[in-house]
Structure formats: structure tokens, C-alpha cells
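Architecture and fold: a report
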Amino acid sequence: MTNYKEELFKLEKRHIDNFKNGNIKEQDNIQNKINILHINNIQDLNTYIMKSINTIRDLCVDVNLSKKLLSDIMTDIKKTDFENISNVIDENIIVKSKGFVSLLLNVDLSKVKFYDLKVNKNNIYAEACCINCGEDEHHIFYYSEEFTSTDLIVHELGHAAEFSISRKVKDDQFTSHSCISEAVAYFCQFKYLLENGSRQQRSGAVAAFIYTYLAILVLSYCLKNKLELSDIIPEKLIDESMFKDFLEIYGDNGRSFIVEKINHIKNTNAELINLVGSEISPRFGVVLALILLKKDISIILKIISMNSITENLDSILNIIDNDITGSLKNIDKLILSFIDG
Ligand SMILES: [Zn+2]
């Protein structure tokens with residue numbers, strides 16, 4: 001075992017213990033140590049990360065959702081009773097979900113462990129999370145007293161599967177392009193929902209992308225006008241023609257709601273690069289997963305084996321789709337056919 005791998009696996013074990021204990025300060029400390037370990041072992045890591053972010057920045061501005069699609073999703077969401085799209089996670093669901101992802105990606109998930117943390121004290125911007133640990137002992141944390149659903153668990157198992165497969169394929173593959181990792185997890189989740197979910201559950205699963213789309217519009221506006229996030233005034237920005245559809249769909253309270261969302265984008269991201277890296281790039285996995293739904297499983301396994309930050313993202317995207325810009329123009333169709341099932 002290389003020193004890098006040995007050190008990393010040790011830190012991952014400590015990270016998981018801190019998660020179980022709810023020791024948030026120590027969690028940040030260990031995460032920092034893990035980041036430094038990667039920096040020390042991968043030459044020019046930050047350059048690779050910037051390259052990955054810039055690829056998504058240039059690509060995502062081609063995403064264009066029609067007013068009709070936005071309106072259809074919003075109508076579905078308004079009709080949704082959260083009782084209908086959530087469910088309790090028990091041992092049965094865990095076994096069933098593990099079986100689903102194991103079969104889908106041909107991977108052994110028997111050592112993956114589940115922990116119910118009851119409440120999301122970690123304030124993670126997610127309803128569950130998967131933390132990698134060693135070769136295949138990854139841990140999935142969920143919060144039973146908050147929103148839980150089987151497809152959410154399947155999504156996290158998709159992450160666990162990706163970790164296990166890529167760690168088996170390459171001995172030193174510990175960093176990834178977030179959009180590709182998320183694409184694999186969303187792929188598993190969407191496959192599950194196509195086989196087992198309702199229209200409302202599928203609408204709910206893609207609804208989060210609407211917020212990302214708003215972030216993409218803000219990004220496009222800033223790039224076009226050579227502005228940084230700190231330069232924009234949400235109350236004024238909202239009157240630009242590109243936000244017209246959003247305003248009309250959200251109705252009476254739309255204006256204040258969208259201004260609040262844009263303010264959130266501005267306040268949580270120091271610069272555009274952070275917005276792309278932390279919000280847009282991972283959620284771009286939704287778009288990639290929708291494209292992957294029509295592809296052979298061998299393509300998924302191929303992109304997992306290639307998903308290292310040192311690999312050119314364009315080459316991986318090209319395996320997913322050799323005309324990704326063309327597919328982005330048809331994103332409406334992809335989303336609709338997924339929701340319709
Ligand atoms: Zn995820």
C-alpha cells in the first residue's frame with residue numbers, strides 16, 4: 001500500500017468516527033487534512049480543479065429550459081404531497097436498495113454501512129451523504145427525522161458504488177470530477193425511479209435542478225456583462241429579460257422569492273468560480289445522468305474508471321455523448337421523457 005493510500009484510509013476512518021459523534025469542528029479539521037494530503041500527492045491539483053470547473057462553466061451556459069417545462073415541473077411540485085414522495089428507511093429498504101445498485105453496476109456493496117443520525121446537525125446541504133472509507137467500507141449517513149426516501153438512499157449507494165469500482169480499477173484514484181460522480185449517483189437514482197417511482201417522485205427528483213438553472217442564468221448574465229457576483233444587485237437583476245419566465249411561473253410571490261434565491265447565490269459564493277464549483281458542477285450531474293439513461297451500462301463503468309481529476313473532463317464527457325452541446329439543446333425533451341416515465 002502506498003503512503004498516500006494508507007494515510008488517506010486512516011483519515012477516512014477518523015472522518016467517519018467524527019460524523020457518528022457529531023463532532024463538527026473535528027470533521028472540518030479532518031476534511032482539511034484530507035484536502036492537504038491530496039494536494040501533497042497530486043502535482044498541480046488546483047490547476048486540474050480549475051480546469052474541471054472552467055469546462056462546466058463554458059458548457060452549462062448552453063442549458064436552456066423552456067417556460068413550459070419550468071411551469072410543468074412547478075405544477076407537479078405544487079400538487080405534491082410530501083407524505084407521498086417520502087418514506088421511512090428501514091432494514092428492508094436498505095437491503096432492497098443495496099440489491100438494486102449491486103445488480104445495476106455489478107458491484108459488491110455488502111460492506112457498505114448505514115447510520116441514522118436522526119437530525120441533520122451537520123447542516124449538510126443534502127438529505128443524506130456517503131463518506132468514502134477504504135476499499136469498500138463506505139458509510140451512508142441519513143436523517144430519519146427529516147426527509148427520507150428510498151431513491152435518496154439509492155443515490156447515496158450510487159456514490160458508494162463509484163468509490164468501490166474506481167478504487168478497484170486504479171490504486172491511486174482518490175479525486176474526481178464532481179459532475180461525473182454525481183452523474184453516476186443520479187443515474188442510479190433515476191433508474192430506480194423509472195422502475196419503481198411515480199411521476200411526482202420523478203418531478204421531485206429533477207426539481208432541484210430548477211434552482212441550479214437559476215444559478216446558471218445568473219452566471220450567464222455575469223459572464224456576458226463581465227461582472228462578478230459582488231457586482232450584481234438582485235432586486236435590479238430580476239428585471240432582466242432572462243428571468244421573465246421565472247417571474248411569470250412563480251406568480252404573485254415570485255419576485256421576492258427569486259430575489260431571495262439570487263441573494264442566497266450571491267451570499268454563499270465569494271466568486272463565480274465558487275458558484276460553478278460548489279453548485280453548478282455537481283448538479284450538472286442531473287443533466288449527464290439523463291443522457292446516460294439511454295446508454296449502455298458499459299459506458300457508466302467506463303466513465304467511473306476514468307473519473308480522476310487528472311483526466312481531461314472533455315474526454316470523459318465525450319464518452320458520455322459525442323455531441324453534448326447538441327443534447328443540451330434538447331434538455332427539455334430529456335427531462336420530460338424521464339418525468340413521463
Ligand atoms: Zn450526490
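Basis of the calculations
- Every chain is numbered independently, its residues counted from 1 as its sequence is written.
- Only residues with pLDDT of at least 70 get local features here, since the model is predicted, and only at 80 or more are side-chain atom pairs given and counted; chain-wide, interface and lining totals rely on the full set of residues.
- A run of H or I in DSSP becomes a helix once it reaches four residues, and a run of E becomes a strand once it reaches two; helices and strands are each numbered from the N terminus.
- The burial label depends on the number of other C-beta atoms within 10 Å of a residue's C-beta. Counts of 20 or more mean buried, 12 or fewer mean exposed, and intermediate counts mean partly exposed, with C-beta atoms placed from the backbone.
- Think of it this way: build a C-beta for each residue from its backbone, and any pair within 7 Å is a contact.
- The split of the chain into domains comes from an automatic or database domain assignment.
- Classification used: nonpolar for Ala, Val, Leu, Ile, Met, Phe, Trp, Tyr, Cys and Pro, charged for Asp, Glu, Lys and Arg, polar for all others including Gly.
- All axes here are fitted lines through C-alpha atoms, helices being fitted over the stretch that makes contact, and every angle between N-to-C directions spans 0 to 180 degrees.
- The cut-offs work like this: below 35 degrees is roughly parallel, past 145 is roughly antiparallel, 65 to 115 is roughly perpendicular, and the gaps in between are oblique.
- Expected span of a helix, by definition, is 1.5 Å for each gap between consecutive residues, and there is one gap fewer than residues.
- Axes are fitted to the seven residues ending at a residue and to the seven starting at it; the angle between these axes is taken as the bend at that residue.
- Paired strands, in this sense, are two strands between which DSSP finds at least two bridges.
- Note that the arc is computed from the directions linking the helix axis to the C-beta atoms.

Let us look at the overall build of the chain. Per the secondary structure count, the chain includes 17 helices and three strands. Principal-axis analysis of the C-alpha atoms places the extent of the chain at approximately 55 × 45 × 40 Å. Taken across its 341 residues, the chain has 35% of its residues classed as buried. In the chain, 78% of the contacts between residues at least 6 apart in sequence involve partners at least 24 apart.

Moving on: the environment of C222. Within the element layout of this structure, C222 appears in helix α9 (residues 199-224). C222 gets classed as partly exposed once you count the C-beta atoms within 10 Å, which come to 18. Counting along the chain gives 175 residues from C222 to T47, while the straight-line C-alpha distance between them is 23 Å.

Let us now look at the domain arrangement of the chain. In terms of domains, the chain is made up of domain 1 (1-41) and domain 2 (42-340). Measuring from the centre of the C-alpha atoms in domain 1 to the corresponding centre in domain 2 gives 24 Å. With 16 residues of domain 1 in contact, the opposing surface of domain 2 contributes 15 residues. Top contributing element to the side of domain 1 that touches domain 2 by residue count: helix α1 (residues 3-21), with 10 residues. Here the residues of the side of domain 1 that touches domain 2 are counted per class, giving seven nonpolar, five polar and four charged.

Tracing the sequence through the fold places C179 in helix α8 (residues 178-196). When sequence neighbours within four positions are dropped, the list of residues in contact with C179 reads I56, S281, P282, F284, G285 and L288.

A few words on unusual backbone geometry. One non-glycine residue, D44, adopts positive backbone phi at about 60°. On the basis of neighbour count, D44 is assigned to the exposed category, with 11 C-beta atoms found within 10 Å.

This brings us to the packing of helix α14 (residues 297-306) against helix α15 (residues 313-320). In contact at an axis separation of 9 Å, α14 and α15 are set at 175° when each is read in the N-to-C sense. By the criterion of interaxial angle, the relationship of α14 to α15 is roughly antiparallel. Each of I299, K302, I303 and M306 in α14 lies in contact with α15, whose residues at this interface are I316, I319 and I320. Across the contact of α14 with α15, the residue classes break down as six nonpolar, no polar and one charged.

Attention now goes to helix α13 (residues 272-292). The first and last C-alpha atoms of α13 sit 28 Å apart over 21 residues, in line with the 30 Å expected at 1.5 Å per residue. A maximum bend of about 40° is found in α13 at I280, where proline P282 lies one to four positions downstream.

Let us now look at the sheet that holds strand β2 (residues 128-131). Overall, mixed pairing links the three strands, which are arranged β1-β3-β2 in an open sheet. Pairing within the sheet leaves two strands with one partner each, and these edge strands are β1 (113-116) and β2. Put simply, the sheet's adjacent strands are angled 20° from each other on average, direction ignored. Strand direction decides the pairing type here: β1 and strand β3 (residues 139-142), joined by four bridges, are parallel. Residue D116 lies in a different strand from β3, and its bridge partner there is Y142. Its contacts with the sheet place helix α7 (residues 150-169) against β2 and β3, and it is angled at close to 15° to β2.

Under the 1.5 Å per step criterion, the end-to-end length of helix α6 (residues 91-105) is 21 Å for 15 residues, consistent within 8% with the ideal 21 Å. Turning to α6, its buried residues number three or more, namely S97, K98, F100, V101 and L105. Angular distribution of buried residues about the axis of α6 spans 160°; they occupy a single face of the element. In α6, those exposed residues whose orientation departs by more than 90 degrees from the buried face are E91, N92, V95, G99 and L103. Tucked inside the fold, the buried residues of α6 contact α7, α8 and α14. At the exit of α6 stands N106, carrying a positive phi of roughly 55°.

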